[in-house]
2 protein chains.
Amino acid sequence: MELKHVVIVGGGFAGLNAAKVLGNKKGVKVTLIDRRNHHLFQPLLYQVATAGLNPAEIAAPIRCILADKKNITVLQGEVTNVDLEQRQVFTEFGEFSYDYLILACGSKHSYFGNEKWEKDAPGLKTLEQATEIRRRILMAFEEAERVTDRNQQKQLLTFVIVGGGPTGVEMAGSISEMSRFTLERNFRNIDPKLTRVILVEAGTRILSSFSQSQSSKAMRDLETLGVQVWTSSPVTGVDADGVQIGKERIQANTVLWAAGVQASTLGKTLGVETDKQGRIVVAPDLSLTEHPEVFAAGDQAHFSDENSNPLPGLAPVALQQGRFIAKNIINELEGKQRVLFKYRDKGQMATIGRSKAVAEFKKLRVSGFIAWMGWLLIHVYYLTGLKNRIFVLMQWAWAYWTFRKGARLIMNREWRQHRVSRSSDSIPS
Amino acid sequence: MELKHVVIVGGGFAGLNAAKVLGNKKGVKVTLIDRRNHHLFQPLLYQVATAGLNPAEIAAPIRCILADKKNITVLQGEVTNVDLEQRQVFTEFGEFSYDYLILACGSKHSYFGNEKWEKDAPGLKTLEQATEIRRRILMAFEEAERVTDRNQQKQLLTFVIVGGGPTGVEMAGSISEMSRFTLERNFRNIDPKLTRVILVEAGTRILSSFSQSQSSKAMRDLETLGVQVWTSSPVTGVDADGVQIGKERIQANTVLWAAGVQASTLGKTLGVETDKQGRIVVAPDLSLTEHPEVFAAGDQAHFSDENSNPLPGLAPVALQQGRFIAKNIINELEGKQRVLFKYRDKGQMATIGRSKAVAEFKKLRVSGFIAWMGWLLIHVYYLTGLKNRIFVLMQWAWAYWTFRKGARLIMNREWRQHRVSRSSDSIPS
């Protein structure tokens with residue numbers, strides 16, 4: 001019998017886990033297309049941005065993860081558009097016909113129509129952005145050490161993080177820790193402890209998806225770490241020298257964006273129903289109403305739970321949806337009925353700093369060291385690959401005992417400009 | 001008594017070791033200026049380029065290495081020029097007067113007047129270049145998996161390394177190993193084992209600084225690994241599709257440059273005697289004949305040994321010269337006579353692949369597993385920082401047992417172009 005061709009667009013939590021379920025299954029061949037060669041473990045990306053982890057420690061080559069799934073071909077490249085009628089996917093390197101299509105292209109940052117803010121306030125979604133943010137943070141300290149003007153120093157040592165969700169909270173806590181512990185004693189002209197880290201949130205409280213109590217606990221923990229939290233402060237302007245919040249103004253050389261996402265643009269090109277964030281509105285089985293052979297998952301899908309609230313853009317949602325779609329396809333090929341998607345709530349967590357975190361699972365609320373330990377173990381457990389688990393654990397253990405950050409590298413964006421080095425290749429004396 | 005100000009330009013093996021000796025010494029204050037924030041362990045850079053190690057594992061922040069030397073200020077930035085008469089160093093962020101000046105700016109690649117070749121044949125001197133080379137190597141395999149045209153595939157799977165010195169040999173061996181072991185089973189449309197790795201050397205043999213016997217041993221080892229060695233093959237042209245060697249032509253998408261270096265351009269601006277590679281010709285105490293208060297070291301210095309051959313551009317030379325200069329400065333401040341520099345030959349080594357290396361120390365010649373073990377231990381021993389030693393050893397152990405490479409990441413040069421990702425920040429299910 002002829003093999004059914006499943007095309008998966010995107011190798012994130014949704015796409016990768018769909019592929020894993022379809023791997024080595026009879027009757028299907030799979031093509032997974034991603035613009036990158038690696039699956040990225042997004043929940044730890046902020047640690048790359050704040051010099052805690054190396055890029056390679058939270059990413060793994062997709063084709064390596066799926067190497068043993070002989071019915072899966074992994075291709076790196078960009079999907080340009082989809083013809084739902086002809087059942088074809090078009091890429092920069094040719095087209096593919098499919099019997100089933102899984103769209104899992106994820107999301108990118110939204111500047112709510114102010115895209116021009118991005119160059120002065122980068123978001124954190126990719127490894128490139130993480131290393132660029134790391135470069136900006138570390139360069140700010142280097143420049144502050146060089147300048148003599150006090151105001152200039154103050155501006156260089158001011159870091160504004162826009163958005164009080166988990167990413168914003170984790171970035172703020174991590175930058176503040178770096179300035180207080182890691183960089184201590186490293187400078188002669190500045191005191192890194194004078195760093196101002198300001199977390200700016202438009203809403204009335206940070207971690208708004210958490211309970212009131214957990215949210216205020218997180219706020220107190222951040223303040224203990226020296227982070228200044230500004231709530232009810234919608235940003236009205238961003239430029240190279242800082243942020244504008246209505247009539248208020250913060251002078252800062254480093255502004256980071258952790259507010260708001262929008263789905264990948266591919267969804268909009270399909271001519272199907274999308275919500276205002278560009279997510280594809282899916283049927284209860286995650287398929288497109290008009291096209292039962294096409295599915296959307298993760299950040300690209302708008303799926304409403306029983307209270308008709310759309311599911312949040314969280315890793316567990318993407319992961320469960322990816323697996324679910326794959327199982328449904330297999331069911332169908334075996335002549336079984338499709339089942340409907342039900343999200344098993346895994347709760348949520350955010351870490352604030354060493355030994356500090358908040359976690360909620362249904363009615364259960366934990367914070368402090370236990371929550372932090374739980375956060376740590378769960379993240380290591382779900383990290384892809386034994387080696388990355390070992391290395392990340394070692395990085396954390398090292399950082400915990402030495403108060404040092406592992407990867408304080410400033411790498412320039414333009415590789416060709418910087419060719420001078422100091423010594424050649426041989427045995428060091 | 002007034003402190004003498006020593007300015008060191010460059011934080012490589014020469015500059016860093018000079019600083020270490022001057023650290024916390026009475027009577028001197030030191031300013032070390034480097035365009036980067038990190039000291040780079042060049043001898044292992046090829047392993048970053050071939051996905052064996054992470055950038056942060058062979059680099060350490062200079063200000064962190066020197067944190068406890070209270071009399072040393074580390075500044076990141078570019079030295080634009082030097083006024084030898086006024087004893088001033090000019091940088092992009094202001095000038096510094098000095099009592100002593102140590103020039104240790106190292107070297108960069110030389111294309112022998114064909115600088116236009118660089119974009120198609122990058123050299124390996126910085127971390128940026130290493131990650132760019134890694135990107136090119138891995139992208140070549142990704143593209144080969146996508147294309148159907150056999151000739152195109154062949155060209156994509158052909159890697160030419162120009163220059164048969166240690167770096168060229170190590171790159172060639174490492175790429176060949178990756179294609180044979182690491183990437184095996186990762187692809188569906190191509191067989192990575194069909195990769196052609198061609199090492200092109202203008203001279204009559206590779207590793208010309210080694211003895212004839214060691215050089216031919218290395219050549220046989222490379223061939224066992226599947227590397228094709230072309231000697232007496234001076235490259236006459238490089239373009240996006242390959243290299244020209246006189247009348248011969250190799251079609252290759254990836255060409256890497258490991259032939260010839262030239263000293264940093266700063267030396268030329270001083271109006272002192274330089275050799276044809278732009279190295280400053282120094283007196284027997286490594287100072288400038290006209291300016292005993294100015295020293296040059298490492299790849300930037302031309303120092304002739306007793307047989308009046310200039311010392312090679314090796315780490316041990318730079319390291320010994322850096323320490324020597326610092327000690328001479330201290331001698332002088334204590335009213336003692338300056339002594340003359342004598343290079344203690346530490347021999348040379350090159351590794352070809354797993355369990356394969358060649359080493360020479362005076363009359364002693366070692367090869368195979370023992371040489372490889374020696375290479376490994378010496379490099380770990382001289383690596384900066386306990387943590388990097390531990391992590392590099394673990395990377396190597398892991399790669400040795402699993403035949404896998406640790407850091408197969410393709411990161412784009414332009415961070416802003418690539419913002420799409422797949423999942424948000426929270427607990428993975």
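Up top is the structure these notes are about.
Residues numbered from 1 in each chain as written. Chains lettered and ligands numbered in written order. Predicted model: local features only at pLDDT ≥ 70, side-chain atom pairs only at ≥ 80, totals over all residues. Heavy atoms only, no water.

Let us look at the overall build of chain A. When helices and strands are tallied, chain A shows ten helices and 25 strands. Computed over C-alpha atoms, the radius of gyration of chain A comes to 23 Å, within 12% of the 22 Å expected from 2.2 N^0.38 for 429 residues, which places it in the range of a compact globule. Judged by the C-alpha coordinates and their principal axes, chain A covers about 75 × 60 × 40 Å. Within the span of chain A, comprising 429 residues, buried residues form 62% of the whole. (Helix = DSSP H or I, 4+ residues; strand = E, 2+ residues; numbered from the N terminus. Rg over C-alpha atoms; globule rule 2.2 N^0.38 Å. Buried < 20%, exposed > 50% of the residue type's maximum accessible area, 1.4 Å probe, protein only.)

Contacts between the two partners involve 112 residues from chain B, matched on the other side by 113 residues from chain A. Across the chain B to chain A interface the summed buried area is about 10500 Å²; carbon plus sulfur atoms make up 53%. Viewed at the interface, chain A and chain B are joined by six salt bridges. Along the contact surface separating chain B from chain A lie 22 residue pairs in polar contact (both at pLDDT 80 or more). With ten residues, the top contributor of residues to the side of chain B that touches chain A is helix 4 (residues 127-146) of chain B. (Contact = heavy atoms within 4.5 Å. Buried area = accessible area lost by both parts, 1.4 Å probe. Salt bridge = Lys/Arg side-chain N within 4 Å of Asp/Glu carboxyl O. Polar contact = N/O pair within 3.5 Å; in protein donor to acceptor, adjacent residues only side chain to side chain.)

Our focus in this paragraph is a nonpolar patch on the surface. On the surface, a nonpolar cluster with roughly 280 Å² of combined accessible area is contributed by F369, M373 and L377 of chain A. Examined against the element boundaries, F369 of chain A turns out to sit in helix 9 (residues 368-382). (Patch = residues over 30% accessible without salt bridge, like charges linked within 9 Å, V, L, I, M, F, W, Y side chains within 5 Å. Areas by Shrake-Rupley, 256 points an atom, 1.4 Å probe, with all protein chains shown as cover.)

According to the stated counting rule, one finds 36 salt bridges over all chains in the structure shown. In this structure, E142 of chain A and R63 of chain B form a salt bridge, with 2.7 Å as the shortest nitrogen-oxygen distance. Taken as a pair, E142 of chain A in helix 4 (residues 127-146) and R63 of chain B in helix 3 (residues 62-65) lie in two separate chains rather than in one. Here E142 of chain A and R63 of chain B have matching classes, each one buried. Residues D285 of chain B and R338 of chain B are paired through a salt bridge, measuring 2.8 Å at the closest nitrogen-oxygen approach.

To continue, consider the relation of the copies chain B and chain A. The transformation that overlays chain B on chain A combines an axial shift of 0.0 Å with a rotation of 180 degrees, and the residual RMSD is 0.0 Å. Interpreted geometrically, this transformation is the action of a two-fold axis. Comparing contact sets, 100% of the residues at the interface of chain B also lie at the interface in chain A, consistent with an isologous, same-surface contact. (Least-squares fit on C-alpha atoms with pLDDT ≥ 70 in both.)

Time to look at the packing of aromatic side chains. Following the criterion strictly, the structure yields 32 aromatic pairs over all chains and no others. Ring-pair connections join several aromatic residues into one group, and the members of that group are Y111, F112, W117 and W257 of chain A. The ring of F403 of chain B has R354 of chain B sitting right over it, with the charged end atom 3.7 Å from the ring centre. Lying across the ring of F391 of chain B, K387 of chain B places its NZ or CZ 5.1 Å from the centre. (Phe/Tyr/Trp six-rings, centres within 6.5 Å; stacked < 30°, edge-to-face > 60°. Lys NZ or Arg CZ within 6 Å of the ring centre and 35° of its normal.)

Residue and element names in this part refer to chain A. In this structure, T50 sits in the loop between helix 2 (45-49) and strand 4 (59-61). Here S174 takes part through its side chain, which lies 2.8 Å from a polar atom of the side chain of T50. Contact partners of T50, with chain neighbours within four places excluded, come to I137, M171, S174, I175, M178 and K405.

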